[in-house]
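Remarks on the overall topology
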Amino acid sequence: MKSKLEYIWLDGFSPTQSLRSKTRVESDFGGTLEECPIWNFDGSSTAQADGSASDCVLKPVAVYPDPGRKNAWLVMTEVLNADGTPHESNGRATIEDDDDDFWFGFEQEYFLWDTRTNLPPGFPIGGYPGPQGAYYCSVGARNAFGRDCVDEHLDACLDAGINVEGINGEVAAGQWEFQVFAKGASRAGDETWIARYLAERTGEKYGFAINWHPKPVQGDWNGSGMHANFSNSVMRESGEEETFTKICEHFGQTIQRHIAVYGADNDMRLTGLHETQSIDKFNYGIADRGASIRIPIATIDGGWKGRLEDRRPASNADPYKVAAAIVKTTKEALTK
C-alpha cells in the first residue's frame, strides 16, 4: 500500500519563520518514526541556503496520522545543514536539556483572517465591530465568527493525536485560542507546530489565513499571545512558596534571554494594557493577568505545588525556543 508522508519544517524567514511542507510517497509504511527517511529540499527557496549549494536536510523527529487524507501521515522535521549539523534556523536544536520532567501547556492565541476582506471575520469593511467584551467565550452569530473552521481544526488535532486540551473564543472578534499540553520541551514544540500547521491547512477550506502576529489589529483590541504554563518535578512536589518566589525572581534577572525569543513585534502587544505588563518591565503576582508571570490560584490551593504561567510569549514565538529558555532559567533558579 502506498502512503503519503507530509514532511513539515520551518523556513529561514526572519524575524518570524513560516511553515513549509511537501509530500513523499512511500510503500508499506507502518507509521513509525524509524521508517521516515531523511529527505532534502531546496533551501535557496526558503531563505535557508544559497543557490550555489542549496541542499538542506529534513530530519524526522515526530510522526502523526494525517486527518482528512487517506493513508497519510504528518512528519515533523528539523532542518540540518548538508553536513548533518543543525541549521541556524533550527529552533528545536536550542533545547539543551530535554526530558519528561518539564511539562508545558501552551495557550496559543491567533486571529482568523479573511483573505477576501483582509480583516478578521466579524470586522466590517471600512469599520469596526462592537467593542471587545462580547466575544470572549461567546455564543451566537453576532459575536462568534469562524466557529466551523475552529471546530474542524480541533477535530483534526485530536484525530492526529495532538494533545489539545481545549479551545475558546478570545477577547477580540475573530480571535481564538487552543491549548496544547505535553511532557518534554521538544514534544511540546512538535505538537504546537503540528497544531499550527493543521490550523493553516484547515483555514484553506474556509478562505481564512491564520494571523499569528501579536498585534494585527491596532487600537483598543487585545493582542495575541502564547502563554507558557510550565512546571518540573520540583515545582509539582515542592509545597514551599519560596520555591516559586525563587524562580520568579530569577526570571526577573534574565529578561533579555526571554524577550529575545518570545516573538517579533512583541513590543506592540506588551504595552502594560490589555492584560499585559510592559515589555521593559517585569513583575509576578498571584492570579494577576497583567503580570509578566502569573502564579495560578490552583498552585496555591494545591499547597504550593504546581505550575507558573509566563504570559509574555507572543503568538508568533517559536515554542521550541520558548521552552528552551524556560528550562534553562528554571534550572538556574533552583540550583542557586
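Residues numbered from 1 in each chain as written. Predicted model: local features only at pLDDT ≥ 70, side-chain atom pairs only at ≥ 80, totals over all residues. Heavy atoms only, no water.

1. Details of a negative patch on the surface
A cluster of acidic residues, D148, D151, D155 and D159, forms a negative patch at the surface. Here D148 shows up in helix α1 (residues 147-160). Taking the relative accessible area as the measure of exposure, D148 reaches 58% and is therefore exposed. (Patch = residues over 30% accessible without salt bridge, like charges linked within 9 Å, V, L, I, M, F, W, Y side chains within 5 Å. Areas by Shrake-Rupley, 256 points an atom, 1.4 Å probe, with all protein chains shown as cover. Salt bridge = Lys/Arg side-chain N within 4 Å of Asp/Glu carboxyl O. Lys, Arg positive; Asp, Glu negative; His and termini not counted. Charge placed at Lys NZ, Arg CZ, Asp CG, Glu CD. Helix = DSSP H or I, 4+ residues; strand = E, 2+ residues; numbered from the N terminus. Buried < 20%, exposed > 50% of the residue type's maximum accessible area, 1.4 Å probe, protein only.)

2. Digging into the packing of helix α2 (residues 185-206) against helix α7 (residues 319-335)
The geometry of α2 relative to α7 is characterised by a closest axis approach of 8 Å and an angle of 155 degrees between their N-to-C directions. What the angle tells us is that α2 and α7 run roughly antiparallel. The interaxial crossing formed by α2 with α7 has right-handed handedness. Residues A185, S186, G189, D190, T192, W193 and R196 of α2 form the contact with α7, whose participating residues are P319, Y320, A323 and V327. Counted by class, the contact of α2 with α7 contains six nonpolar, three polar and two charged residues. (Axes fitted to C-alpha atoms, helices over the stretch in contact; angles between N-to-C directions. Parallel < 35°, antiparallel > 145°, perpendicular 65-115°, else oblique. Left-handed = near helix turned anticlockwise from the far one by under 90°. Contact = heavy atoms within 4.5 Å. Nonpolar A, V, L, I, M, F, W, Y, C, P; charged D, E, K, R; others polar.)

3. Comments concerning unusual backbone geometry
Cis peptide bonds are those with omega within 30 degrees of zero, and the linkage from S14 to P15 qualifies with 10 degrees. Unlike most non-glycine residues, D28 shows phi in positive territory, near 55 degrees. Mapped onto the elements, D28 comes out in the loop between β2 (19-27) and β3 (39-42). The class of D28 is exposed, set by a relative accessible area of 62%. Residue C137 is not a glycine yet carries a positive backbone phi of 55 degrees. Considering the arrangement of structural elements, one finds C137 in the loop between β6 (103-114) and α1.

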